[in-house]
Amino acid sequence: MTNHVAPAIDKIIEQLNNSQVIAYPTEAVFGLGCDPDNEQAINSLLVLKNRSWEKGLILIADNYEQLRNYIDDSKLSEQQKNTMLASWPGPVTWVVPAKLTTSKLLTGKFDTLAIRVTDHPLVKELCRSYGKPLVSTSANLSGLEPCRNYDEVLAQFKDSIPILEGIVGGRQNPSEIRDVQTGQLYRKG
């Protein structure tokens, strides 16, 4: 990690701890995120995106262990779990059974939660330093294209949110989304 990245991550973590919504680079586009345990922050993100809570959100993490407080992997077969783990880190988001204690603001109208272990080095470092996953949804205002660089985030959101500067990964499309139990493809990657 370069010298200027650590202070930037520390500043972003401070913002997360203050219930802020942040923007950060992911594998294909910039994401909007917040503390998944802070309902005030999640509500702020939903308002900012003009997104219905019913749709649910994705959690992005450095490793599988960070996601275990939110999911009920006891409902997965060994094969289902192994298939999911074999795709990570990487751009595959899996829909898995959620724990009953997981916020409805994260699961939406479902009893499942979308999760991903990222391979983006900056996001991995952010989640590792923060000690838990982040909410992750594309950084764009309703009706506009997702932002792919810092300048686009700034153009859409002005100074309303802190931005972790960095470069998105080389993917053209957002992550694939699949149901781990049924194999159903919800979004092609």
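- Labelled according to an unreviewed UniProt entry, the chain appears under the name Threonylcarbamoyl-AMP synthase, originating from Moellerella wisconsensis ATCC 35017.
- As stated in UniProt under Sequence similarities (unreviewed entry), the record for the chain gives "Belongs to the SUA5 family. TsaC subfamily."
- Annotation of the chain in UniProt includes, under Catalytic activity (unreviewed entry), the sentence "L-threonine + hydrogencarbonate + ATP = L-threonylcarbamoyladenylate + diphosphate + H2O".

What about the overall build of the chain?
Step number 1: Along the backbone of the chain there are six helices and eight strands.
Step number 2: Secondary structure of the chain in N-to-C order comes out as α-β-β-α-β-α-β-α-β-α-β-α-β-β.
Step number 3: Taken over the C-alpha trace, the chain has a radius of gyration of 15 Å; the compact-globule value for 189 residues is 16 Å, and the two agree within 12%.
Step number 4: In terms of overall dimensions, the chain has a C-alpha envelope of 45 × 35 × 30 Å along the principal axes.
Step number 5: For the chain, the proportion of its 189 residues judged to be buried stands at 52%.
Step number 6: For the chain, the accessible area works out to roughly 9,300 Å², and carbon and sulfur atoms hold 49% of it.
Step number 7: Charge centroids of the chain, computed over 20 positive and 22 negative side chains, lie 5 Å from each other.

Quick notes on helix α5 (residues 121-130)
Step number 1: A large share of α5 lies buried, amounting to seven of its ten residues.
Step number 2: Listed as buried for α5 are Leu122, Val123, Lys124, Glu125, Leu126, Cys127 and Tyr130.
Step number 3: One or two steps after α5, the chain reaches glycine 131, where phi turns positive at roughly 85°.

Let's talk about the packing of aromatic side chains
Step number 1: Applying the stated criterion to the full structure yields one aromatic pair.
Step number 2: Here tyrosine 64 and tryptophan 88 contribute two aromatic rings whose centre-to-centre distance is 6.3 Å and whose plane-to-plane angle is 35°, an arrangement assigned as tilted. Taken together, the residues span a long stretch of sequence, with tyrosine 64 in the loop between β3 (58-61) and α3 (78-86) and tryptophan 88 in the loop between α3 and β4 (92-97) at a distance of 24 residues. Each of the two residues, tyrosine 64 as well as tryptophan 88, counts as buried.

Remarks on the side chain of lysine 124
Step number 1: Structurally, lysine 124 can be placed in helix α5.
Step number 2: For lysine 124, a relative accessible area of 17% translates into the label buried.
Step number 3: At a separation of 2.8 Å, a polar atom in the side chain of lysine 124 contacts the main-chain carbonyl oxygen of aspartate 62.
Step number 4: Aside from chain neighbours lying at most four places away, what touches lysine 124 is Asp62, Pro89, Val117, Thr118 and Asp119.

Cut-offs used in this document
- Residues numbered from 1 in each chain as written.
- Predicted model: local features only at pLDDT ≥ 70, side-chain atom pairs only at ≥ 80, totals over all residues.
- Heavy atoms only, no water.
- UniProt positions renumbered as here; feature names shortened; annotations may be inferred.
- Helix = DSSP H or I, 4+ residues; strand = E, 2+ residues; numbered from the N terminus.
- Rg over C-alpha atoms; globule rule 2.2 N^0.38 Å.
- Buried < 20%, exposed > 50% of the residue type's maximum accessible area, 1.4 Å probe, protein only.
- Areas by Shrake-Rupley, 256 points an atom, 1.4 Å probe, with all protein chains shown as cover.
- Lys, Arg positive; Asp, Glu negative; His and termini not counted.
- Charge placed at Lys NZ, Arg CZ, Asp CG, Glu CD.
- Phe/Tyr/Trp six-rings, centres within 6.5 Å; stacked < 30°, edge-to-face > 60°.
- Polar contact = N/O pair within 3.5 Å; in protein donor to acceptor, adjacent residues only side chain to side chain.
- Contact = heavy atoms within 4.5 Å.

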